[in-house]
Amino acid sequence: MLSRPAALTLIVSATLLLAGAGLAIPAAAAPPVTLTPVLAAAPDIAVANVQAHLTQLGSIASSNGGTRRSGTAGYTASVAYIKGKLQAAGYTVAEQTCTSCTYRANNLIADWPGGPSDQITMLGAHLDSVAAGPGINDNGSGSATLLENALVLAQQNPTMSRHVRFAWWAGEEQGLQGSAFYANALSTTQRGQIKAYYNFDMVGSPNGGYFINHITSTAAAPMKAYWDSLGLQPEENTEGAGRSDDYSFERVGIPTSGYAAGASAKKTSAQASKWGGTANSAYDSCYHQACDTTANISATVLNRAADGVASTIWATSVGGTTTPPPTGCTGAQLLTNPGFESGATGWTGTTGAIGQWSSQGQAAHGGTYSAWLLGYGSTHTESLSQSVTIPAGCSATLTFWVHVDSAETTTTSAYDKLTVTAGSTTLATLSNLNKATGYAQKSYSLSAFAGQSVTLKFTGTEDSSLQTSFVLDDAAVQIS
Ligand code: DTR
Ligand code: ZN
Ligand code: ZN
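Throughout this document, residue positions are counted from 1 along each chain, in the order its sequence is written. Naming scheme: in the order in which they are written, chains are lettered from A and ligands are numbered from 1. Totals for whole chains, interfaces and linings use every residue, but because this is a predicted model, local features are given only for residues with pLDDT of at least 70 and side-chain atom pairs only at 80 or more, for both listing and counting. To obtain the side-chain values, all non-hydrogen atoms of the structure were used and water was disregarded.

Enquirer: Tell me what's going on with the coordination of the zinc ion (ligand 3), and back it up with residues and numbers.
Expert: Summarising the metal site, the zinc ion (ligand 3) is bound by the protein donors His126 (NE2), Asp138 (OD), Asp201 (OD) and Asp201 (OD), whose distances to it range over 2.0 to 2.4 Å. Read N to C, the donor residues that coordinate the zinc ion (ligand 3) are spaced as H-x11-D-x62-D. Atoms are scored as donors when they are N, O or S and lie within 2.8 Å of the metal, with 3.2 Å used for Na, K and Ca; no water is included, so coordination may look incomplete.

Enquirer: Could you give an account of the domain arrangement of the chain, with specific residues and numbers?
Expert: Boundaries between domains were set according to an automatic or database domain assignment. Taken domain by domain, the chain holds domain 1 (4-317) and domain 2 (348-479). Centre-to-centre, using C-alpha coordinates, domain 1 lies 53 Å away from domain 2.

Enquirer: So what's going on with the coordination of the zinc ion (ligand 2)? Residues and values would help.
Expert: Only Asp138 (OD), Glu173 (OE), Glu173 (OE) and His288 (NE2) from the protein coordinate the zinc ion (ligand 2), and they sit 1.9 to 2.6 Å from it. For four-coordinate sites, all angles between 85 and 135 degrees define a tetrahedron; for four- and six-coordinate sites, opposite donors beyond 155 degrees with the remaining angles between 65 and 115 define square planar and octahedral shapes respectively, and all other cases count as irregular. Every donor counted, the 6 donor atoms about the zinc ion (ligand 2) form angles of 56 to 154 degrees at the centre, which fits irregular coordination. Donor residues binding the zinc ion (ligand 2) come from one chain and are separated in sequence as D-x34-E-x114-H. A gap of 3.4 Å separates the zinc ion (ligand 2) and the zinc ion (ligand 3), which Asp138 links by coordinating each metal. Within this pair, whereas Asp138 is found in helix H4 (residues 136-156), its partner Glu173 is found in the loop between strand E6 (163-169) and helix H5 (177-185), the two being separated by 35 residues in sequence. A run of DSSP states H or I qualifies as a helix once it reaches four residues; a run of E qualifies as a strand once it reaches two. Both are numbered from the N-terminal end.

Enquirer: Break down the sheet that holds strand E12 (residues 354-355) for me, citing the residues and quoting the values.
Expert: Between any two strands, pairing holds if DSSP finds at least two bridges. One open sheet accounts for 5 strands, arranged E12-E13-E20-E15-E18; its pairing is antiparallel. Only two strands of the sheet have a single neighbouring strand rather than two, namely E12 and strand E18 (440-445). Inspection of the sheet shows strand E15 (residues 396-406) paired to E18 by 6 bridges, in the antiparallel sense. Bridge pairing links Phe400 to Lys442 in E18.

Enquirer: Give me the nonpolar core: which residues, what numbers.
Expert: The criterion is simple. A nonpolar core is a set of buried Ala, Val, Leu, Ile, Met, Phe, Trp, Tyr and Cys residues joined through side-chain atoms within 4.5 Å. Burial here depends on accessible area, computed with a 1.4 Å probe over protein chains only, as a share of the maximum for the residue type. Under 20% is buried, over 50% is exposed, and the range in between is partly exposed. Ranked by internal contacts, the top residues of the largest apolar core, which has 63 residues, are Leu86, Tyr91, Leu153, Phe166 and Trp168. The contact criterion used is simple: two residues touch if any of their non-hydrogen atoms lie within 4.5 Å. Not counting residues up to four positions away in its chain, the partners in contact with Leu86 are Tyr91, Val93, Leu108, Ala110, Leu147, Ala150 and Trp168. In this structure, Ala371, Ile390, Phe400 and Leu418 belong to the second largest nonpolar core, which totals 35 residues.

Enquirer: An account of the site of ligand 1 is requested, with residue identities and associated values reported.
Expert: If even one non-hydrogen atom of a residue comes within 4 Å of a molecule or strand, that residue is called near it. Around ligand 1, 14 residues are found, and the nearest of them are Glu172, Asp201, Arg243, Tyr287 and His288. Identification of polar contacts relies on pairs of N or O atoms within 3.5 Å, with a donor-acceptor requirement for protein atoms, meaning one able to donate a hydrogen and the other able to accept it, and with residues adjacent in sequence counted only if both atoms are side-chain atoms. Within the side chain of Asp201, one N or O atom sits 2.6 Å away from a nitrogen atom of ligand 1. Between ligand 1 and Arg243, the relevant distance is 2.7 Å, taken from a nitrogen atom to a main-chain nitrogen or oxygen of the residue. For the accessible areas, the method is Shrake-Rupley and the probe is 1.4 Å, while residue cover comes only from the protein chains on display. When isolated, ligand 1 has an accessible area of 360 Å², and the protein chains bury 97% of it. Residue classes follow a fixed rule: Ala, Val, Leu, Ile, Met, Phe, Trp, Tyr, Cys and Pro count as nonpolar, while Asp, Glu, Lys and Arg count as charged, and any other residue, Gly among them, counts as polar. Along the lines of polarity and charge, the residues of the shell around ligand 1 split into 3 nonpolar, 5 polar and 6 charged.

Enquirer: Quick one: what's the story with helix H7 (residues 221-229), residue by residue and with numbers?
Expert: Within the span of H7, buried status applies to Pro222, Met223, Tyr226 and Trp227. Along the axis of H7, the buried positions cluster into a sector of 130 degrees, meaning they face one direction only. Packed against the buried residues of H7 are strand E7 (194-200), strand E8 (211-212), strand E10 (256-260) and helix H10 (299-317). One or two steps after H7, the chain reaches Gly231, where phi turns positive at roughly 75 degrees. Taking the helix axis as origin, the arc is that swept by the directions to the C-beta atoms.

Enquirer: So, unusual backbone geometry: which residues are in play, and what are the values?
Expert: A cis amide bond, omega 5 degrees, links Asp138 with the succeeding residue Asn139. Structurally, Asn139 can be placed in helix H4.

Enquirer: Give a description of the pairing of strand E20 (residues 468-479) that names residues and reports values.
Expert: With 10 of 12 residues buried, E20 is to be regarded as a mostly interior element. Pairing geometry for strand E13 (residues 370-374) and E20, over 4 bridges, is antiparallel. Bridging from a neighbouring strand, Leu374 pairs with Ser469 of E20. Relative to E20, E15 runs antiparallel, the two sharing 10 bridges. Among the inter-strand pairings, Thr397 is bridged to a residue of E20, identified as Gln478.

Enquirer: Now, about the environment of Asn434: what can you tell me, with residues and values included?
Expert: Along the polypeptide, Asn434 turns up in the loop between strand E17 (425-431) and E18. A C-alpha to C-alpha distance of 41 Å links Asn434 and Ala80, two positions 354 residues apart in sequence. The contact partners of Asn434, leaving out residues within four places of it in the chain, are Val404 and Thr429. At 2.7 Å, the side chain of Asn434 and the backbone nitrogen of Ser431 are in polar contact.

Enquirer: Could you give an account of H5, naming the residues involved and the relevant values?
Expert: The set of residues buried in H5 consists of Gln177, Gly178, Ser179, Ala180, Tyr182 and Ala183. Tucked inside the fold, the buried residues of H5 contact strand E3 (92-98), strand E4 (105-112), strand E5 (120-126), E6, helix H6 (188-193) and helix H8 (246-250).

Enquirer: Hey, could you go over the side chain of Ser129 for me, with residue numbers and the actual values?
Expert: Mapped onto the elements of the fold, Ser129 is located in the loop between E5 and H4. Side chain to side chain, Ser129 and Thr67 meet in a polar contact 3.3 Å long. Of note is the side chain of Ser129, whose polar atom sits 2.9 Å from the backbone oxygen of Gly133. Apart from residues no more than four positions distant in its own chain, Ser129 is found in contact with Thr67, Arg68, Arg69, Ser70, Pro134, Gly135, Asp138 and Glu173.

Enquirer: Kindly report on the pattern of salt bridges, identifying the contributing residues and their values.
Expert: By salt bridge we mean one thing: a side-chain nitrogen of Lys or Arg within 4 Å of a carboxyl oxygen of Asp or Glu. In total, this model carries 4 salt bridges according to the counting rule given. Put simply, Lys83 and Glu95 hold a salt bridge, and the shortest N to O gap is 2.8 Å. Of this pair, Lys83 sits in helix H3 (residues 73-89) while Glu95 sits in strand E3, and the two are 12 residues apart along the sequence. For Lys83, a relative accessible area of 21% corresponds to the partly exposed category. Between Asp228 and Lys224 there is a salt bridge, and its shortest N-O distance comes to 2.7 Å. Residue Asp228 and its partner Lys224 are both found in helix H7; the two are separated by 4 residues, about one turn of the helix. Residue Asp228 is classed as partly exposed on the basis of its relative accessible area, which comes to 35%.

Given below as structure tokens:
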């Protein structure tokens, strides 16, 4: 329910909306309600995938002495696991060595390309455990929740209204050291670009509750809206206040929020009544202990946190409208005589190359005319060009069909070439290596030239022996 573009406001009846939410209200009683549509619904995060990441972190701890404490091999392996997944998904990933940390270790920072670089939503979780245990709830849970959300964002690849940056922190258990190192190093300008930092520390506590940092803040609104939509009645995270990495950002003036399910404090009977679980027992009775394993997780709590992260990413950072193309863009084809059926008309250069070549063994792709560049078996250069003016605001694509036949036998050396240029930009280079029976269609974007006149040119260069013929036909510059 946040920051929806006013331009897309729709008037819909309350009946329709509430029916969609599973509630029935008589149509006659329904007043019109002004709403804007959610352009893209946040995806559901599969808790099984989050749990699979927890299993991996558990194995990493097991093979490294039962801990993922900052500065240990278990921590380094945790960084490597997350980094590998993010890189494979297309993230720009950096490791930042925390030189002021008690144990030298790296923060992991992952940027999803896209969105305005001066409007950043940042989400972080500490990746280190205490020495005593594997740290699956504290804080494999937050780490795995963010990893799976990052992977789903990449897979969905929506239009971004903000840039999204994920972070996994070192040295939290020694006093928020990794996040403080990062936040303190930000310039004033950089701090202003981070519109909110969301923290996830202990989001799968086995007797968990639903806590939100700075619950009434603007930053918290999308997180609260999601848990409110589930009827969870979340509360302020008083137990964790100032005790996790959001505090490092808060101290440098960046708005913060986050989810937490609770640590060693005890669930009250009022909380057990509204949330379920055991009253007068710790939210996490394995807090900072060796028993903080994959068994120390509530899948229900974890699932609600993971889905709320997606909801928050989508509410804060996804959507934005793509400007529709001007109506003048629709449908037009810009080349003159694109299929060469009118001979040389519209084309400049070696116009003698345009003709009816079927009796010489080069059939046209469509119609009877084509442009046959080269094919001499001796040193030659030939070209054909034509200028087009691409209207501002339009997308444009150059397509053409080409048949390459060649007497060259090499499979490695481009001796005879056809270069396709738009102004000073080379769109493609074809060569004897592209030789094939029949025509192939090629397609290149010209959208970078919107609002400009640009000369499209096919230039063929042949070396001293063994002919290569480039037969062009049915070109088009289509705008949309
Ligand atoms: N930063 C946590 C400390 C913590 C203690 N209580 C809570 C409650 C909710 C979230 C976090 C915390 C740690 O890593 O130990
Ligand atoms: Zn801890
Ligand atoms: Zn923690």
